[in-house]
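# Breakdown of the fold
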Amino acid sequence: MKKLILGSFVALLLVLTSCTAQRKPVQNVIYLIGDGMGFGAVSSLLLSESEVTGFEMAPVIGLNETCSANNYVTDSPAGGTALATGTRTCNGYMGVDPQGQQLESILKKAQQWNKKTGIVVNTVLTEATPGAFYAGVKKRSESYRIAEQFVESGVDVAIGSGLSAFINRPDSVDLTASLIEKGYDVYLDWKSVLQTTSQRFVGILPMSDVHRRNKPSTQSAGAADGAEVCLAARLAASQDDAGADTTVLSEPNEYLAKAVKKALSVLEKDSPDGFFLMVESAIIDGYGHNNDSEGMIEEMQEFNQTLKALVAYVQEHPNTLLVVTADHETGGTSVAYKSHEVGETVPLQLSFSTKGHTGTVVPVFAYGAGAEAFAGIMKNTDIPKRIENLIK
Ligand SMILES: [Zn+2]
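Think of each chain on its own: its residues are numbered from 1, step by step along the sequence as written. Selection of residues for local features in this predicted model requires a pLDDT of at least 70, selection of side-chain atom pairs for listing and counting requires 80 or more, and totals for whole chains, interfaces and linings are taken over all residues. With hydrogens and water stripped out, all remaining heavy atoms of the structure feed into the side-chain values.

Turning our eyes to something else, we now look at the overall build of the protein chain. When its secondary structure is counted, the protein chain shows 15 helices and 12 strands. Type-normalised accessible area, obtained with a 1.4 Å probe on protein chains alone, sets the label of each residue: buried when under 20%, exposed when over 50%, and partly exposed for intermediate values. Taken over 392 residues, the protein chain has a buried fraction of 55%. By definition in these notes, contact holds between two residues if any of their heavy atoms fall within 4.5 Å. A separation of at least 24 residues holds for 74% of the contacts in the protein chain among residues at least 6 apart in sequence. Entry remark: accessible area of the protein chain is about 16,500 Å², with carbon and sulfur atoms responsible for 53%. Segments assigned H or I by DSSP are reported as helices when at least four residues long, segments assigned E as strands when at least two residues long, and all are numbered from the N terminus. Each accessible area value is a Shrake-Rupley result obtained with a 1.4 Å probe; residue values ignore everything except the protein chains displayed when judging cover.

Packing of helix α12 (residues 255-267) against helix α14 (residues 293-316) leaves a shortest axis separation of 8 Å and a crossing angle of 30°. With respect to α14, the element α12 is oriented roughly parallel. The handedness of the crossing between α12 and α14 comes out as right-handed. Contacts between α12 and α14 involve Leu256, Ala257, Val260, Lys261 and Leu264 on the former and, on the latter, Gln305, Thr306, Ala309, Leu310 and Tyr313. Among the residues forming the contact of α12 with α14, the class breakdown is 7 nonpolar, 2 polar and 1 charged. To get an axis, fit a line to the C-alpha atoms, keeping to the stretch in contact for a helix; angles then go from 0 to 180 degrees between the N-to-C directions. Under this scheme an angle from 65 to 115 degrees is roughly perpendicular, one under 35 degrees roughly parallel, and one over 145 degrees roughly antiparallel; angles in between are oblique. Handedness of a crossing follows from how the near helix is turned relative to the far one, being left-handed for an anticlockwise turn of less than a right angle and right-handed for a clockwise one. Side-chain classes follow a simple rule in which Ala, Val, Leu, Ile, Met, Phe, Trp, Tyr, Cys and Pro form the nonpolar group, Asp, Glu, Lys and Arg form the charged group, and the remainder, Gly included, forms the polar group.

Turning our attention to helix α15 (residues 382-391). For α15, the complete set of buried residues consists of Ile383, Pro384, Ile387, Glu388, Leu390 and Ile391. What you see down the axis of α15 is that its buried residues fit within an arc of 165°, all on one side. Directions drawn from the helix axis to the C-beta atoms are what define this arc.

The next point concerns the pattern of salt bridges. Salt bridge, as used here: a side-chain nitrogen of Lys or Arg that lies within 4 Å of a carboxyl oxygen of Asp or Glu. What the rule picks out here adds up to 9 salt bridges. Residue Glu254 is joined to Lys258 by a salt bridge in which the shortest nitrogen-to-oxygen separation is 3.7 Å. By relative accessible area, which is 17% here, Glu254 ends up buried. Residue Lys258 is classed as partly exposed on the basis of its relative accessible area of 31%. Salt bridges here are not isolated pairs; linked through shared partners, they connect Arg145, Glu148, Arg169 and Asp171.

Okay, the packing of aromatic side chains next. By convention, a stacked pair of Phe, Tyr or Trp rings (six-membered ring in the case of Trp) has centres within 6.5 Å and planes under 30 degrees apart, an edge-to-face pair has planes over 60 apart, and any other such pair is tilted. Going through the model one piece at a time under the given rule, you end up with 10 aromatic pairs. Grouping aromatic residues by their ring pairs yields a cluster made of Tyr31, Phe133 and Phe276. Residue placement shows Arg200 over the ring face of Tyr184; its charged tip is 4.1 Å from the ring centre. In this scheme, Lys NZ or Arg CZ marks a charge over a ring once it lies within 6 Å of the ring centre and within 35 degrees of the ring normal.

Attention shifts here to helix α6 (residues 143-151). Restricting attention to buried positions, one finds in α6 the residues Ile146, Ala147, Gln149, Phe150 and Val151. Close packing links the buried residues of α6 with β4 (157-161), α7 (164-167), α8 (175-181) and β6 (201-205).

This part covers the confidence of the model for the protein chain. Confidence scores labelled pLDDT are given residue by residue by the predictor and lie between 0 and 100. When the pLDDT values of the protein chain are averaged, the result is 88; 85% of them are 70 or greater. Low pLDDT, under 50, characterises residues 13-21; the stretch is placed with 0 contacts to residues that sit more than four places away or in other chains. Every residue in residues 214-228 scores below 50 in pLDDT, and together they form 39 contacts with partners more than four places removed in sequence or on other chains.

Once that is clear, we can look at the side chain of Gln111. Relative to the helices and strands, Gln111 resides in helix α4 (residues 106-112). Polar contact criterion, stated in full: a pair of N or O atoms within 3.5 Å, where within protein one must be able to donate a hydrogen and the other to accept it, and residues adjacent in sequence count only if both atoms are side-chain atoms. A polar contact is formed between the side chain of Gln111 and the side chain of Thr117, at a distance of 2.9 Å.

All right, on to the pairing of strand β7 (residues 275-281) then. With 7 of 7 residues buried, β7 is to be regarded as a mostly interior element. Note: strand β1 (residues 28-34) against β7, 6 bridges, orientation parallel. Across the sheet, the residue bridging to Gly34 is Ser281, located in β7. What makes two strands pair is DSSP finding at least two bridges between them. Pairing analysis gives 6 bridges linking strand β3 (residues 116-124) to β7, with the strands arranged parallel. Pairing of Thr117 across the sheet is with Phe276, part of β7.

Let us now look at the environment of Ala128. As for its position among the elements, Ala128 is in helix α5 (residues 128-131). Here the alpha-carbon distance between Ala128 and Gly92, two residues 36 residues apart in the chain, equals 9.2 Å. Residue contacts for Ala128: discarding those within four places in its chain leaves Ser76, Pro77, Met94 and Arg140.

With that out of the way, let us pick up the sheet that holds β4. Taken in spatial order, the 10 strands line up as β5-β6-β4-β3-β7-β1-β8-β11-β2-β12 in an open sheet, and their pairing is mixed. What marks the edges here is a single partner per strand, and that holds for β5 (185-187) and β12 (376-379). Strand-to-strand twist in this sheet, taken as the mean axis angle between neighbours without regard to direction, amounts to 15°. Bridging between β3 and β4 involves 4 bridges; their strand directions are parallel. Residue pairing for β4: Val120 is matched across the bridge by Ile159.

Surface patches are drawn from residues lacking salt bridges whose relative accessible area is over 30%; two like charges belong together within 9 Å, two nonpolar side chains (Val, Leu, Ile, Met, Phe, Trp, Tyr) within 5 Å. A surface patch of nonpolar side chains, about 250 Å² in accessible area, is lined by Leu46, Leu47 and Val335. For Leu46, the location among the structural elements is in helix α2 (residues 39-48). Judged by its relative accessible area of 37%, Leu46 is partly exposed.

Bringing the environment of Gln99 into the picture now. Locating Gln99 in the fold gives a position in the loop between α3 (76-85) and α4. Classification of Gln99 by relative accessible area gives exposed; the value is 59%. Remark: the alpha-carbon pair of Gln99 and Thr89, spanning 10 residues in sequence, is separated by 8.6 Å.

Contact geometry of α2 with α14 gives a least axis separation of 9 Å together with a crossing angle of 80°. Between α2 and α14, the crossing angle belongs to the class labelled roughly perpendicular. Contact residues: Ala41, Val42, Ser44, Leu45 and Ser48 in α2; Met296, Ile297, Met300, Gln301 and Asn304 in α14. In terms of residue class, the contact of α2 with α14 is made up of 6 nonpolar, 4 polar and no charged.

Here you go:
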C-alpha cells in the first residue's frame, strides 16, 4: 500500500513537472499595427525626435513583404487578413480566403488557448484592419455585417469608434443592446472608459475622441493606380470636433496610449493563460494618402507615445511579446534632398510618390519574450504563424 501511494505521488510529480516544462515563455502578445507605416514614416520620427524613440529600443528588427494574393500592392482588408490569419487573400476581401472561405485569426486561436483578448484602435472598430481579426466579408463596406460579427467576437475588451454601424442600421437592430445581453458594459464616451473598473467592456467613442485632427489637407484625399480611398484619408483631413470631451482628452497625443493602458489593465487581471491584444494606429495611412508631411510627422510622434508605453509594459512583464509592423506602406513616403545653407535649420519635409499604397517592404520591430523569431526577411503571413508557434 505504501508503495502504491509513493508510486502515485511520483506519477503526480512527473505530470506537474512536465506541465511546468511545457509552459511557454510567451504568455502575452501585443500586436501593434501602424496602418501605412513604411520606412518613410519611421524615418520621419527618427529625424524629428530628439529623444530615443520606441523604435530604437527594439532588440530585433525584420522586414515584411506585404503583397496580397492578387497584387504586389495590398489594400487594408487583404493586408489585415495576412497579418491576422497567415493567409494572403484578394484585395477587398477581409478575413476570408480567395475562395471566400472564412479564415481563423490569431486572435480567435488565442481565445481557444484560454487567453483573454482585446482590440484597441484609433479608427472605427469595424474598419478593415481590426475587422480582419474577428470578421469575414468580401467587401469592407459591409460594416453592418462586420458589426454583427464584432458582437460575436468574444473579445474581453475593445476601444475604438464607429457607433453608427451598431445603431443606425437598415434592420433597426440596436447592437449595443446585443453587446449588453452578452455581458458587456458598453460606453459611448471617453471619460466613462477611463473611469470604468469593468472587466468586460466595449468603448464605442465619437470619432473626434479617438484621433487628433490635423488641419485640412490642401490636397483632397485620393488614390492613384486603382488603389483604394481609405477611410483614414478622410479622417486625417477631418476637423469634426462634435462630441469631443476636451476636459478629459486635453493633449493631442493621449488617446491611443491611454486606451492601450486601459485595455492592458483589464487583460492582465485574472488571466492565468495570458492575453492577446491587437492595437492599430490607423491614421498614418491617411496622411500618406493625403501626402501630408506635417500630419504624418505628428502622427508618428503620437505613435511613438503608444509604442514607448508598450515597450515599458514589456520591460515590466518579461513573459510578454510585442510585435510592431505595418499592413503596407502608403504614399511612397520618403525624405528627399533639399538644398540649404550650411548651419541653416530646415524643418523636416517629407516627399511622396503616390496617393495610394505601395508594395515596398515595411519594417518589423520585436520586443520581449520570443522577439528573436522576428529577425530577418519574412512575408506578412509569417508573422501570425510565428506568434502562434510561440504561444500555442
Ligand atoms: Zn490606405
